Amino acid sequence: MTARPPESLAPDTAPPADGQPPEQAGLKAGLKNRHLSMIAIGGVIGAGLFVGSASGIAAAGPGILLSYALVAALVVFVMRMLGEMAAANPTSGSFSAYADRALGRWAGFSIGWLYWFFWVVVLAVEATAGAVILEGWVPAVPQWAWALIVMVVLTATNLVSVGSFGEFEFWFAGIKVVAIGGFILLGGLAIFGVLPGSDNAATGFGNLTEHGGFLPNGSGAILTGILLVVFSFMGSEIVTLAAAESPDARQAVAKATRSVIWRVGVFYVGSILVVVSLLPWNDPAIQKKGSYVAALDSIGIPHAGEIMNFIVLTAVLSCLNSGLYTASRMAFSLGQRGDAPRSFVRTNAGGVPQPAILASVAFGFVAVAFNYLWPDTVFQFLLNSSGAVALFVWLVICFSQLRMRGIILRENPEKLVVRMWLFPYLTWVTIAMISFVLVYMLTDDKEGGGRSQVLLSLLVAALVIAISLVRERRRPESAKDGVAPQ
């Protein structure tokens, strides 16, 4: 097993005059600062926040705030580590490329393909979720047709240029940000009884301690809540991939990394605080309608259900759009390093990797078909086998950063513009936290629960690692020295 030589952080050739790394030569820097700013702000807001928070509240009561806060801290630490590496060396491969250099080719190959697999499965999940909402609005069009339409439209936007992806994501993310900002503002006013016309009795923060206390189901419920909410945070790392296609990648990464604290604090912890303050945690409406719809109904917002359906659809389309982008750029990076077909590196006139996009969406279409044909067997396997991949990615980011810090300091100390706090101690604490979550998932033995997700994800990961080791053994000596096969 031969690792890519870690002695140098810099690319094999000198960067061109425009500052773009050579490996980005086929991509165009078409993302504007406003695109990246909104991707950074809205990228962490997934549909899971809107539709998945009710189950967490039911499990942990107001203590779900601690679950969200702990996972938010985990995300902040991981993003800080990733930001340190990405600001020093922006690349479309992001953590996969850093793992390649810091841990070995087997690590870059494995985590890159696992991440690609995770996102193409997400494409199927989100396309189906969006189709359900759209069919409810226009029942004359069957659900499968809506799934096909949204996939085709967003594939087309990704194929045109990275700028069109950025523009769509700017507006998708903007709607989510405005919606949650408005929800927090209206909810906060209602909590203190200063919202004109509100139907909700001003209770302040009384609902946090009444109805059985802050932890009505015991402190162990905080851990259960973590399992239920951790996956709604996935995708925060997308901005480090997207930054590689911006005019000033290092500045964009540094800015996004430094703002992650208030982003997850406001949008996740802040909005859930509003929900559990407006309503008793055990209010049946939270489970029946969903946490956000129930909260809006409680203050007399008309058509709350329809409004939330529109916001959830926006979140779904945003996830589809960014998921296709992310999968294709990871495939592009794998192709650059010789770990995927070389055709994935080819770009069209718009500077986007067309073969990588089409290959990613093709697998997404296959997964959608599995969802309709064999939802409880094949598709359930795909879901479970990709369920813990994001946690594996976070672990790899941590281990890569442990080694990359020394490489950066030795070769390019001036590029260390973002630093992980309390290195290496906080990095090891983060590794311990992620490992604990994975181990605790093994105690969730219900069907489709944490245990099956971890075990099946480990099975798929072991298979991918085995493939990478076999490929490494057969790789020509020139390629083992860092030269990708042509």
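Right above here is the structure, for reference.
Here the structure is a predicted model, which means the values were calculated and not measured.

Definitions and limits used
- Residues numbered from 1 in each chain as written.
- Predicted model: local features only at pLDDT ≥ 70, side-chain atom pairs only at ≥ 80, totals over all residues.
- Heavy atoms only, no water.
- Helix = DSSP H or I, 4+ residues; strand = E, 2+ residues; numbered from the N terminus.
- Rg over C-alpha atoms; globule rule 2.2 N^0.38 Å.
- Buried < 20%, exposed > 50% of the residue type's maximum accessible area, 1.4 Å probe, protein only.
- Patch = residues over 30% accessible without salt bridge, like charges linked within 9 Å, V, L, I, M, F, W, Y side chains within 5 Å.
- Areas by Shrake-Rupley, 256 points an atom, 1.4 Å probe, with all protein chains shown as cover.
- Salt bridge = Lys/Arg side-chain N within 4 Å of Asp/Glu carboxyl O.
- Phe/Tyr/Trp six-rings, centres within 6.5 Å; stacked < 30°, edge-to-face > 60°.

Peer 1: Could you give an account of the overall build of the chain, naming the residues involved and the relevant values?
Peer 2: When helices and strands are tallied, the chain shows 19 helices and zero strands. For the chain, whose C-alpha radius of gyration is 22 Å, the value lies close to the compact-globule estimate of 23 Å for 486 residues. When the backbone C-alpha atoms are referred to their principal axes, the chain occupies close to 70 × 55 × 45 Å. Residues classed as buried in the chain amount to 57% of the 486 residues present.

Peer 1: I'd like a description of a nonpolar patch on the surface, backed by residues and values.
Peer 2: Judged by side-chain polarity, Trp144, Leu148, Val152, Tyr372, Leu373, Trp374 and Val378 come together as a nonpolar surface patch covering roughly 680 Å² of accessible area. Mapped onto the elements, Val152 comes out in helix α6 (residues 143–160).

Peer 1: I'd love a proper account of the packing of aromatic side chains, names of residues and values included.
Peer 2: Per the stated rule, a full pass over the model turns up 21 aromatic pairs. When the ring of Tyr68 is compared with that of Tyr268, the centres are 6.2 Å apart and the planes differ by 40°; the resulting orientation is tilted. In this pair, Tyr68 is assigned in helix α3 (residues 64–88) and Tyr268 in helix α10 (residues 249–278), connecting sequence segments 200 residues apart. A ring pair is formed by Phe165 and Tyr325, whose centres lie 4.1 Å apart and whose planes are at 5°; its orientation type is stacked. Highlighted residues: Phe165 in helix α7 (residues 162–191) and Tyr325 in helix α13 (residues 304–336), separated in sequence by 160 residues. Residue Phe165 is classed as buried on the basis of its relative accessible area of 1%.

Peer 1: Pulling in residues and values, what's your account of the pattern of salt bridges?
Peer 2: This model, assessed by the stated rule, comprises ten salt bridges. Where Glu84 meets Arg405, a salt bridge forms, and the shortest distance between an N and an O atom there is 2.8 Å. One end of the pair, Glu84, is in helix α3; the other, Arg405, is in helix α16 (residues 389–411), with 321 residues separating them in the sequence. The class of Glu84 is buried, set by a relative accessible area of 0%. Take Arg405: its relative accessible area is 8%, and that puts it in the buried class.

Peer 1: Tell me about unusual backbone geometry, and name the residues and values.
Peer 2: Backbone phi values are negative for most residues with the exception of glycine, while trans is the configuration of most peptide bonds. Here the bond from Phe423 into Pro424 is cis, since omega is 0°, no more than 30 degrees from zero. Inspection of the secondary structure puts Pro424 in the loop between α16 and α17 (425–441). For His211, which is not glycine, the phi dihedral falls at a positive 60°. Following the sequence through the fold, His211 ends up in the loop between α7 and α8 (220–229). Given the relative accessible area of 35%, His211 is considered partly exposed.

Spatial relationships are all this shows, so hold off on functional conclusions.
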